[in-house]
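Here is how the chains run, residue by residue.
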Amino acid sequence: MAQQRLPGLLEAGAGRLRIFSGYSFSISKEIQRLSSGIVSGPRWVKQSVKEYSDLPIILDNGAFPAWMRGEPLSFADQLQSVIEGAALAGPLLESIIAPDIVGGGPASWKRTVESMRYLEGHALLLPVQEGVDIEEAVALAKETGFGLFVGGASMAWKVRATKQIAKRVYTHVGRVSRDGHLWTFSQLADAVDSTTWTRAQNWNKTVNWPQILRRYSEFST
């Protein structure tokens, strides 16, 4: 019974978000219409441009997939792939998630700050995660005019960090895919992304993602 009432509860007070879809093959037309753009790692930028030429691209920095594969990612290699990916994205490039280290704390923030001088001329999202000083990150984002990208290992951390940022700067939260989490961040952030609603697995096809995303997308009427 509670589950039947849940959609109605989530309808109430739902805010608007820029919804970014993680790159995947054959994203449905309806999901594309609800998306503000595509988040694509350097490996998939060329395909993103080819398949979704009317959608802006946020270039990811490759840290998360490398971490998932258990592969070390040096600063030099990460930076080079980002620079090459930005060139491939061309005029579709909206912004770059600056290089960071998954679970890296202060070392991750140091890498992010160091990368800025190599990425001059590009709009950046500065990643924050556990161990990063949020106030320092907000101050730098204000100074540069960049946004913040809230990563991190847990949803609880993402909520705490986003509450602390308090929309003082543009805030994008990564890997947000549950309806309840979307509702929460629709009150706290400007944008979210996920690959969940673009996947073609059978279990995922049972979820009416267009119906859910229409509740939050900036393009909903």
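Residues numbered from 1 in each chain as written. Predicted model: local features only at pLDDT ≥ 70, side-chain atom pairs only at ≥ 80, totals over all residues. Heavy atoms only, no water.

Trainee: Which parts of the structure should I look at to understand helix α6 (residues 106-115)?
Mentor: Helical geometry: 3.6 residues make up each α-helical turn, so side chains three or four residues apart lie on a common side. Residues of α6 that are buried: Ser108, Trp109, Arg111, Thr112 and Ser115. When α6 is viewed along its axis, its buried side chains cluster within an angular range of 160° and face the same direction. Along α6, the residues that are exposed and aim more than 90 degrees away from the buried face are Pro106 and Lys110. Of the surrounding secondary structure, the elements contacted by the buried residues of α6 are α5 (75-89), β5 (124-128) and α7 (134-144). (Buried < 20%, exposed > 50% of the residue type's maximum accessible area, 1.4 Å probe, protein only. Helix = DSSP H or I, 4+ residues; strand = E, 2+ residues; numbered from the N terminus. Arc of directions from axis to C-beta. Contact = heavy atoms within 4.5 Å.)

Trainee: Before we go on, may I ask you to explain the pattern of salt bridges in this structure?
Mentor: Note on pairing: side chains with opposite charge can pair once their charged atoms come close. One pass over the full model with this rule turns up seven salt bridges. Residue Arg18 is joined to Glu94 by a salt bridge in which the shortest nitrogen-to-oxygen separation is 2.9 Å. Of the two residues, Arg18 sits in strand β1 (residues 18-22) while Glu94 sits in strand β4 (residues 93-97), which places them 76 residues apart along the sequence. Residue Arg168 pairs with Glu135 through a salt bridge whose shortest N-O separation is 2.9 Å. (Salt bridge = Lys/Arg side-chain N within 4 Å of Asp/Glu carboxyl O.)

Trainee: I keep staring at the packing of α5 against α6 and nothing clicks. Help me out?
Mentor: Where α5 contacts α6, the two axes come as close as 12 Å, and the packing angle between them is 45°. Classified by the angle their axes make, α5 and α6 are oblique. As for how α5 packs across α6, the hand of that crossing is right-handed. Listed contacts from α6 to Phe75, Gln78 and Leu79 of α5 are Arg111, Glu114 and Ser115. Looking at the contact of α5 with α6 residue by residue, the classes come out as two nonpolar, two polar and two charged. (Axes fitted to C-alpha atoms, helices over the stretch in contact; angles between N-to-C directions. Parallel < 35°, antiparallel > 145°, perpendicular 65-115°, else oblique. Left-handed = near helix turned anticlockwise from the far one by under 90°. Nonpolar A, V, L, I, M, F, W, Y, C, P; charged D, E, K, R; others polar.)

Trainee: Where do I start with unusual backbone geometry in this structure?
Mentor: Across the chain, the bulk of peptide bonds are trans and the bulk of non-glycine residues have phi less than zero. In this structure, Ser26 takes a positive phi of about 55° despite not being glycine. Mapped onto the elements of the fold, Ser26 is located in the loop between β1 and α2 (29-34). The phi torsion at Ala166 lies on the positive side, around 55°, for a residue other than glycine. Checked against the element boundaries, Ala166 lands in the loop between α8 (155-165) and β7 (171-173).

Trainee: Explain the packing of aromatic side chains to me, please; I cannot follow it from the model alone.
Mentor: The geometry of two aromatic rings is summed up by the distance between their centres and the angle between their planes. What the rule picks out here adds up to seven aromatic pairs. Three or more aromatic residues joined by ring pairs make a cluster, and in this case those are Tyr23, Phe25, Trp44 and Tyr52. (Phe/Tyr/Trp six-rings, centres within 6.5 Å; stacked < 30°, edge-to-face > 60°.)

Trainee: Can you help me understand the sheet that holds strand β3 (residues 57-59) in this one?
Mentor: Ordered in space as β1-β2-β3-β4-β5-β6-β7-β8, the eight strands form a closed barrel in which the pairing is parallel. Going across the sheet, the axis of each strand differs from the next one's by a mean of 25°, ignoring polarity. Together, β5 and β6 (147-150) form the strand contacts of α7, whose direction differs from that of β5 by roughly 175°. (Pairing = 2+ DSSP bridges.)

Trainee: Any chance you could explain the environment of Val176 here in plain terms?
Mentor: Mapped onto the fold, Val176 is located in the loop between β7 and α9 (179-188). What makes Val176 buried here is its relative accessible area of 0%. Each C-alpha atom of the pair Val176 and Ala191 lies 9.8 Å from the other, and the pair is 15 residues apart in sequence.

Honestly, that's just the spatial picture; any functional story needs more than this.
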